Amino acid sequence: MYPSKVLGTANFNNLYGVINKSIKKNEISNILNCAWNIGFRYLDTAADYRNVHDILYECDSFAKYDWRVITKLPKNKQNDDQEAYKKILLDFLASLKNKFKKNSIETILIHDHNFLKNNIDHRMVFDLLLEEKEKGFIKNIGLSVYDPIPSDQMRFLYKCLNNFVVQCPYSIFDRRFENDMFEFSNICKFQARSIFLQGLLLNENIFRKKFPESKSFYFFKKWLNENDISSQEACVSFVKHSKANQMIVGFNSEKEIEEFGNSYEDAKIINPIAFCDDIEILNPINW
């Protein structure tokens, strides 16, 4: 079973990726239409993506199709106390029901990679989400992370949530979660994001400008030439034939969606070497 395709919305009304482009409101409807037509059925969004929930709610192409929504809780940016943050979460859940007018949300993720380390009562957050899951409003619960979760914390999550979701960066360059996908596939599902490393793997000039001392792209390009495959084809093929359950991809134009669709259809099994283990490159937080 191949991973299902998820349309990323981080660049809807927000600057995102290495080309730092924002998709404007009047372009979003066409992006949604085009993505739906090549088999996308899920949308990945977040409370902290500026106004994106409101834009989707008002978009004809969102109402037209039965998009399954993956979204993320607001971060506790102000380090509010327990009760204050609980109110933020309750208000957010209420707003989802009012805005999206859906019987259920596919997945809600905790959007804080330090969640398991911070002082917020984890049980409070879990209990709020589990209560909504029992009511049938939430189908899946999970975490959005940047770095692999230690094994003991994975088992803690399973104990608290039973089956859960981990959204993580995963690409032909960034393979830090590969072992987890094999080891923990029986207790959780994995959503692979940044399959192009926020566009960096498709832009050699930007890569070399950002990381002039790194030889990673040299080895990548050499491997691409030896295997007669483009960087886009390699990135898509790698994740399509991985253990990921879903793959999240964002686009800047309808043309990019069509190109992705062709790469996805033609994707073949590949066995790339390890190109990079430099966390300064792999984690965009460090850029």
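Use the structure listed above.
Small disclaimer: the values here were computed from a predicted structure and weren't measured.

(A) Here's a closer look at the overall build of the chain. When you go through the chain residue by residue, the secondary structure sums to 12 helices and eight strands. For the chain, whose C-alpha radius of gyration is 19 Å, the value lies close to the compact-globule estimate of 19 Å for 287 residues. Its C-alpha atoms put the chain at 55 × 45 × 35 Å along the principal axes. Across the 287 residues of the chain, 53% fall into the buried class. Within the chain, contacts between residues at least 6 apart in sequence are counted, and of these 76% link residues at least 24 apart. Looking at the chain as shown, the accessible area adds up to about 14100 Å², and 45% of this sits on carbon and sulfur atoms. Here the chain carries 38 positive and 38 negative side-chain charges, and the mean point of each set is 2 Å from the other.

(B) Expanded view of the environment of Leu43. Tracing the chain through its elements places Leu43 in strand 2 (residues 42–44). Look at Leu43 and you get buried, because its relative accessible area is 0%. When the C-alpha positions of Leu43 and Ile269 are compared, they lie 26 Å apart, and in sequence the two are 226 residues distant. Residue contacts for Leu43: discarding those within four places in its chain leaves Val6, Leu7, Thr9, Leu32, Leu56, Phe62, Trp67, Arg68, Val69 and Ile70.

(C) Focus on the packing of helix 4 (residues 82–100) against helix 5 (residues 122–135). Running from N to C, helix 4 and helix 5 cross one another at 20°; their axes reach a closest spacing of 11 Å. Between helix 4 and helix 5, the crossing angle belongs to the class labelled roughly parallel. The two elements helix 4 and helix 5 meet at a crossing, and its hand is right-handed. Only Met124, Val125, Leu128 and Glu132 of helix 5 make contact with helix 4, whose side of the interface consists of Gln82, Tyr85, Lys86, Leu89, Leu90, Leu93 and Lys97. Here the contact of helix 4 with helix 5 is composed, by residue class, of seven nonpolar, one polar and three charged.

(D) Layout of the layout of surface pockets. Approximately 940 Å³ is the volume found for the largest pocket. Considering each element in turn, the lining of the largest pocket owes the most residues, three residues, to helix 11 (residues 254–266). Looking at the lining of the largest pocket, its residues break down into 17 nonpolar, 15 polar and seven charged.

(E) Representation of the packing of helix 5 against helix 6 (residues 151–161) in the model. For the pair helix 5 and helix 6, the least separation of the axes is 11 Å and the interaxial angle reads 45°. Judged by the inter-axis angle, helix 5 sits oblique to helix 6. The handedness of the crossing between helix 5 and helix 6 is right-handed. For the pair formed by helix 5 and helix 6, the contact residues are Arg123, Phe126 and Leu130 on the first element and Phe156, Leu157, Cys160 and Leu161 on the second. Looking at the contact of helix 5 with helix 6 residue by residue, the classes come out as six nonpolar, no polar and one charged.

(F) Structural detail: the sheet that holds strand 1 (residues 4–8). The eight strands lie next to each other as 1-2-3-4-5-6-7-8, forming a closed barrel whose pairing is parallel. This sheet shows a mean twist of 25° between the axes of neighbouring strands, independent of strand direction.

(G) Expanded view of a nonpolar patch on the surface. Taken together, the side chains of Tyr218, Phe219 and Ile273 make up a nonpolar region of the molecular surface, amounting to roughly 300 Å² of accessible area. Mapped onto the secondary structure, Tyr218 falls in helix 9 (residues 216–227). Residue classification places Tyr218 among the partly exposed positions, given a relative accessible area of 46%.

(H) View of the nonpolar core. Leu7, Leu32, Trp67, Ile172 and Phe173 are the most contacted members of the largest nonpolar core, which totals 93 residues. Residues within four places of Phe173 in sequence aside, it is in contact with Leu197, Leu201, Phe207, Ser216, Phe217, Phe220, Phe275, Cys276 and Leu282. Counting residues in hydrophobic clusters, the runner-up holds six residues, among them Ile70, Leu109, Val165 and Ile248.

(I) Highlighting the pattern of salt bridges. Considering all chains together, one arrives at 15 salt bridges under this definition. A salt bridge links Arg175 to Glu178; the shortest N-O distance between them is 3.3 Å. Assessed through its relative accessible area of 24%, Arg175 is described here as partly exposed. For the salt bridge of Lys221 with Glu204, the shortest nitrogen-to-oxygen distance reads 3.1 Å.

(J) Focus on the side chain of Ser194. Mapped onto the fold, Ser194 is located in the loop between strand 7 (188–193) and helix 8 (204–210). Its relative accessible area of 15% is what places Ser194 among the buried residues. Ignoring any residue separated from it by four or fewer positions in sequence, one finds Ser194 in contact with Tyr16, Pro169, Tyr170, Ser171 and Ile248.

What counts and how
Residues numbered from 1 in each chain as written. Predicted model: local features only at pLDDT ≥ 70, side-chain atom pairs only at ≥ 80, totals over all residues. Heavy atoms only, no water. Helix = DSSP H or I, 4+ residues; strand = E, 2+ residues; numbered from the N terminus. Rg over C-alpha atoms; globule rule 2.2 N^0.38 Å. Buried < 20%, exposed > 50% of the residue type's maximum accessible area, 1.4 Å probe, protein only. Contact = heavy atoms within 4.5 Å. Areas by Shrake-Rupley, 256 points an atom, 1.4 Å probe, with all protein chains shown as cover. Lys, Arg positive; Asp, Glu negative; His and termini not counted. Charge placed at Lys NZ, Arg CZ, Asp CG, Glu CD. Axes fitted to C-alpha atoms, helices over the stretch in contact; angles between N-to-C directions. Parallel < 35°, antiparallel > 145°, perpendicular 65-115°, else oblique. Left-handed = near helix turned anticlockwise from the far one by under 90°. Nonpolar A, V, L, I, M, F, W, Y, C, P; charged D, E, K, R; others polar. 1 Å grid on protein atoms, 1.4 Å probe; cavity = no way out; pocket = protein on both sides within 12 Å on 5 of 7 lines; lining within 4 Å. Points joined across faces, edges and corners; volume = space filled by probe spheres on them. Pairing = 2+ DSSP bridges. Patch = residues over 30% accessible without salt bridge, like charges linked within 9 Å, V, L, I, M, F, W, Y side chains within 5 Å. Salt bridge = Lys/Arg side-chain N within 4 Å of Asp/Glu carboxyl O. Core = buried A, V, L, I, M, F, W, Y, C linked by side-chain atoms within 4.5 Å.

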